[in-house]
Amino acid sequence: MKKMIITMAACGVLSCQAMSGQVLTLRFVNLPYAEGTLYVSVSADGKPVGAQMAEVFDETVEMAFDVKEAGTLAVQAFQDLNDNRQLDFDSYGRPEEPCVQTTVEGGGVHEIELKQY
């Protein structure tokens, strides 16, 4: 719990630092399960832009991030189905929970679908 509070506080600081830029809206669509928690991390050139989490109650979840400037942003996300706050892998190294690692260009609205392996 303490780590989660520290992480959320750090994310808030990062978001406040980026407020002078554009808004990036990530819309996660066709989520395979209407349960669990969606964890999302956004970075630019290897530097964190922000991280958020949201409870999943529907097949769509939307999150907004403040970004300093338009450019290529790396997005990593996974749907935690067993509440252990980490992406689980099978014995072959494949993710057991829906996830995605992709890039988007700058601000605006981007639709993303998680993959199941």
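Structure: above.
Residues numbered from 1 in each chain as written. Predicted model: local features only at pLDDT ≥ 70, side-chain atom pairs only at ≥ 80, totals over all residues. Heavy atoms only, no water.

**Description of the pattern of salt bridges**
Moving on, step 1. Summed over the entire model, instances satisfying the criterion amount to 3 salt bridges.
Moving on, step 2. One salt bridge in this structure joins Glu111 and Arg27, with 3.5 Å as the shortest N-O distance. With Glu111 in strand 7 (residues 108-112) and Arg27 in strand 1 (residues 22-28), this residue pair connects regions lying 84 residues apart in the sequence.
Moving on, step 3. Accessibility expressed as a relative area gives 54% for Glu111, which makes it exposed.
Moving on, step 4. For Arg27, a relative accessible area of 25% corresponds to the partly exposed category.
Moving on, step 5. Salt bridges sharing partners connect three or more residues here, namely Arg27, Glu62 and Glu111. (Salt bridge = Lys/Arg side-chain N within 4 Å of Asp/Glu carboxyl O. Helix = DSSP H or I, 4+ residues; strand = E, 2+ residues; numbered from the N terminus. Buried < 20%, exposed > 50% of the residue type's maximum accessible area, 1.4 Å probe, protein only.)

**Details of the nonpolar core**
Moving on, step 1. Counting 20 residues, the largest nonpolar core has Leu24, Leu26, Phe28, Leu38, Val40, Val42 and Val75 as the members making the most contacts within it.
Moving on, step 2. Elements supplying a minimum of two residues to this core: strand 1, strand 2 (37-44), strand 4 (61-67), strand 5 (72-80) and strand 6 (99-105).
Moving on, step 3. No other element matches the 4 residues that strand 4 contributes to this core.
Moving on, step 4. Dropping the residues within four chain positions of it, Val75 is found in contact with Leu26, Phe28, Val40, Ser41, Val42, Val100, Gln101, Thr102, Val104 and Ile112. (Core = buried A, V, L, I, M, F, W, Y, C linked by side-chain atoms within 4.5 Å. Contact = heavy atoms within 4.5 Å.)

**Description of the environment of Ser41**
Moving on, step 1. By secondary structure assignment, the location of Ser41 is in strand 2.
Moving on, step 2. Its relative accessible area of 30% is what places Ser41 among the partly exposed residues.
Moving on, step 3. On a C-alpha basis, the gap between Ser41 and Val75 in space is 5.8 Å, while along the polypeptide they are 34 residues apart.
Moving on, step 4. Contact partners of Ser41, with chain neighbours within four places excluded, come to Gly50, Ala51, Ala74, Val75 and Gln76.

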